[in-house]
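Below are the chains, spelled out letter by letter.
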Amino acid sequence: MSTDKASSWVYCEDFVEQDDVLLRARERAAQLGCTAVTPGAGAALTVLAAANAARAVVEIGTGAGVGSIHLLRGMPADGVLTTIDIEVEHHRAAKEAFAEEGVRSTRTRTISGRALDVLPRLTDGAYDMVVVDADVEGVTRYVEEGVRLLRPGGVLVVDDALWHDRVADPARRDDDTTAVREVGRAVRADERLVSALLPVGDGLLVAVRR
């Protein structure tokens, strides 16, 4: 990457400033060992949720609530975020962020458990947006479930879609990189979806269900 291109990436990441609520959420994420979405990726989530007027959103991988706050800020005031994480401590941290943000309790539904156990219980075609920000091992199944959950016009987002800048390098063939690369190809080839790969954060794979 040229110096100019790297500088432009940094400029884009810092384009929308982080306020105290997000900064404290990021601190809690670091303490828990969670990898939070970058500021640029978070800003993109807010815009995507706002553009879609997303009232029903599923987030796979709550972390400490950084991505959750970004999503809630883009959703309408009556929107409900269903956020899934296997770690109870992550949900405690996220709830601190929700309280600091002043989010009403009726706007969030935190579900503790394995996503692959929870997702099949959610209703087909009932969601405006599904965000996948969880373990790489399950990403293929998460995307499959996510597409099922989306209504026509609904938006699928997969974070870390460039996977530490390894996906674009064909010489990188470790299991994690291969899994993320194959998900990108599968989404691109899926005739039910219109997709794009955005170079914000560590890559956002975005698709709209036809």
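Everything below is about the structure shown above.
Residues numbered from 1 in each chain as written. Predicted model: local features only at pLDDT ≥ 70, side-chain atom pairs only at ≥ 80, totals over all residues. Heavy atoms only, no water.

(A) A look at the environment of R114. Considering the arrangement of structural elements, one finds R114 in the loop between β3 (108–112) and α6 (115–118). Measuring from C-alpha to C-alpha, the distance between R114 and I84 comes to 7.8 Å, with 30 residues separating the pair along the chain. (Helix = DSSP H or I, 4+ residues; strand = E, 2+ residues; numbered from the N terminus.)

(B) Focus on the pairing of strand β1 (residues 56–60). Across the 5 residues of β1, 5 count as buried, placing the element largely inside the fold. Both faces of β1 are covered, namely the face carrying A56, V58 and I60 and the face carrying V57 and E59. Bridge analysis of β1 against strand β2 (residues 80–85) gives 5 bridges, and the strand direction is parallel. Across the sheet, V57 pairs through a bridge with L81, a residue of β2. Following the backbone out of β1, through helix α4 (residues 66–74) and into the adjacent parallel β2, one traces a crossover that is right-handed. Relative to strand β4 (residues 127–132), β1 runs parallel, the two sharing 4 bridges. Residue pairing across strands places I60 opposite V132, the latter belonging to β4. (Buried < 20%, exposed > 50% of the residue type's maximum accessible area, 1.4 Å probe, protein only. Pairing = 2+ DSSP bridges. Right-handed = clockwise from strand over helix to strand, strands pointing away.)

(C) Highlighting α4. Of all the 9 residues making up α4, 8 are buried; the element is thus mostly covered by neighbouring parts of the structure. Residues of α4 that are buried: V66, G67, S68, I69, H70, L71, L72 and G74.

(D) A look at the sheet that holds strand β5 (residues 150–159). Spatial strand order, β3-β2-β1-β4-β5-β7-β6: 7 strands in an open sheet with mixed pairing. Strands with a single pairing partner mark the edges of an open sheet, and in this sheet they are β3 and β6 (193–198). Taken over all neighbouring pairs, the strand axes of this sheet differ in orientation by 15 degrees on average, direction set aside. The strands that helix α3 (residues 39–51) touches are β4, β5 and β7 (204–209); relative to β4, the one it contacts most, it runs at about 165 degrees. (Axes fitted to C-alpha atoms, helices over the stretch in contact; angles between N-to-C directions. Contact = heavy atoms within 4.5 Å.)

(E) Summary view of the pattern of salt bridges. Summed over all chains, the structure comprises 13 salt bridges. Here R73 ties to D19 by a salt bridge, and the two come within 2.8 Å at their closest N and O atoms. Highlighted residues: R73 in helix α4 and D19 in the loop between α1 (3–13) and α2 (20–32), separated in sequence by 54 residues. Of the residues examined, D19 reaches a relative accessible area of 30% and is grouped as partly exposed. Where D117 meets R114, a salt bridge forms, and the shortest distance between an N and an O atom there is 3.0 Å. Looking at D117, the relative accessible area reads 41%, which means it is partly exposed. Exposure remark for R114: the relative accessible area of 42% places this residue in the partly exposed category. (Salt bridge = Lys/Arg side-chain N within 4 Å of Asp/Glu carboxyl O.)

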